[in-house]
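# A structural walkthrough
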Amino acid sequence: MTARDIFSGMKENFIKDAAIGMQAKVTYVLHGDDGGAWTLAVKDGILSVDEGVQDGVNATVTMDADEFVKIALGQGNPVAAFMTGKIKIQGDPFLVQKFLGMFKKPENM
């Protein structure tokens, strides 16, 4: 499974109730093989996933694509990755943590 696969399936794995009342945008910039950039926007329980970097984001997460996949699949620890510098966050780190709780683990691994 690649980062692109995970972003493609995010709408299916989105937990709408976890995002009620939230309005935020987070961009993920992933380096390495299968990397790229995606912006997730949540507004009152509705998710949009767009490829590329957008203006007006609340946070930007920069990391290796392989590390992103591990975390998304529940095989990596996002806090440990952040503390060891594998994840860099510009903006609101607490918002990024909230975003993690808005998705089920991707299926079809």
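Residues numbered from 1 in each chain as written. Predicted model: local features only at pLDDT ≥ 70, side-chain atom pairs only at ≥ 80, totals over all residues. Heavy atoms only, no water.

## Quick look at the environment of D34
Worth spelling out the cut-off: Numbering of helices and strands runs from the N terminus; a helix is a DSSP stretch of H or I covering at least four residues, while a strand is a stretch of E covering at least two. What makes two residues a contact is simply this: any of their non-hydrogen atoms within 4.5 Å.
With respect to the helices and strands, the residue D34 is situated in the loop between β1 (23-31) and β2 (36-43). Placed 60 residues apart in sequence, D34 and F94 show a C-alpha to C-alpha distance of 26 Å. Those residues in contact with D34 that sit more than four places away from it in its chain are T2, A3 and A65.

## A look at a nonpolar patch on the surface
Cut-off, in case you're wondering: Patch membership needs two things, relative accessible area over 30% and no salt bridge, and members are linked within 9 Å if like-charged or within 5 Å if nonpolar (Val, Leu, Ile, Met, Phe, Trp, Tyr). Accessible areas in this description were obtained via Shrake-Rupley with a 1.4 Å probe; residue shielding takes into account the shown protein chains only. By convention in these notes, a salt bridge is any Lys or Arg side-chain nitrogen within 4 Å of a carboxyl oxygen on Asp or Glu. Each residue gets one of three labels from its accessible area relative to the maximum for its type: buried under 20%, exposed over 50%, partly exposed in between, using a 1.4 Å probe on protein chains only.
Taken together, V79, F82 and M83 make up a surface patch of nonpolar side chains, about 320 Å² in accessible area. With respect to the element layout, M83 can be found in helix α4 (residues 78-83). Overall, the relative accessible area of 64% leaves M83 in the exposed class.

## Quick look at unusual backbone geometry
A negative phi angle characterises most non-glycine residues, just as the trans form characterises most peptide bonds. Its identity as a non-glycine residue notwithstanding, D34 has a phi of 65°, on the positive side. Within the chain, D44 stands out as a residue other than glycine whose phi angle is a positive 50°. In this structure, D44 sits in the loop between β2 and β3 (46-51). The class of D44 is partly exposed, set by a relative accessible area of 46%.

## With respect to the sheet that holds β3
The criterion, for reference: Note: two strands are recorded as paired if DSSP finds a minimum of 2 bridges between them. Axis definition: a line fit to C-alpha positions, over the contact stretch in the case of helices; interaxial angles, taken between N-to-C directions, run 0 to 180 degrees.
Here five strands make up an open sheet; going across it, the order is β3-β2-β1-β4-β5 and the pairing mixed. Single-partner strands in this sheet number two, and they are β3 and β5 (87-91). Mean inter-strand twist for the sheet, computed between neighbouring axes without regard to direction, equals 15°. Pairing analysis gives six bridges linking β2 to β3, with the strands arranged antiparallel.

## Here we look at the nonpolar core
Keep this limit in mind: What makes a nonpolar core is a set of buried Ala, Val, Leu, Ile, Met, Phe, Trp, Tyr and Cys residues whose side-chain atoms join them at distances within 4.5 Å.
Ranked by size, the top nonpolar core spans 30 residues in total, and within it Y28, L30, F68 and F99 carry the most contacts. For this core, the secondary-structure elements that each account for two or more residues are α1 (3-8), β1, β2, β4 (59-64), α3 (65-72) and α5 (93-100). Discounting chain neighbours no more than four positions away, the residues touching L30 are A3, F7, G35, G36, W38, M63, A65 and F68.

## Side note on the layout of surface pockets
What counts, and what does not: Detection works on a 1 Å grid of protein atoms alone, calling trapped sets that fit a 1.4 Å probe cavities and calling open sets with protein on both sides within 12 Å along at least five of seven lines pockets, with lining residues defined by an atom within 4 Å of a point. Grid points are joined across faces, edges and corners, and a volume is the space filled by probe spheres set on the points. Throughout this entry, Asp, Glu, Lys and Arg are counted as charged residues, while Ala, Val, Leu, Ile, Met, Phe, Trp, Tyr, Cys and Pro are counted as nonpolar. The remaining residues, Gly among them, count as polar.
There is about 630 Å³ of room inside the largest pocket. Considering the residues around the largest pocket, the lining is formed by 28 residues, among which I71, P78, V96, Q97 and L100 are closest to the centre. Those elements that place two or more of their residues in the lining of the largest pocket are α2 (10-13), β4, α3, α4, β5 and α5. Broken down by element, the residue count for the lining of the largest pocket peaks at six residues, all from α5. Its residues assigned to classes, the lining of the largest pocket shows 22 nonpolar, four polar and two charged.

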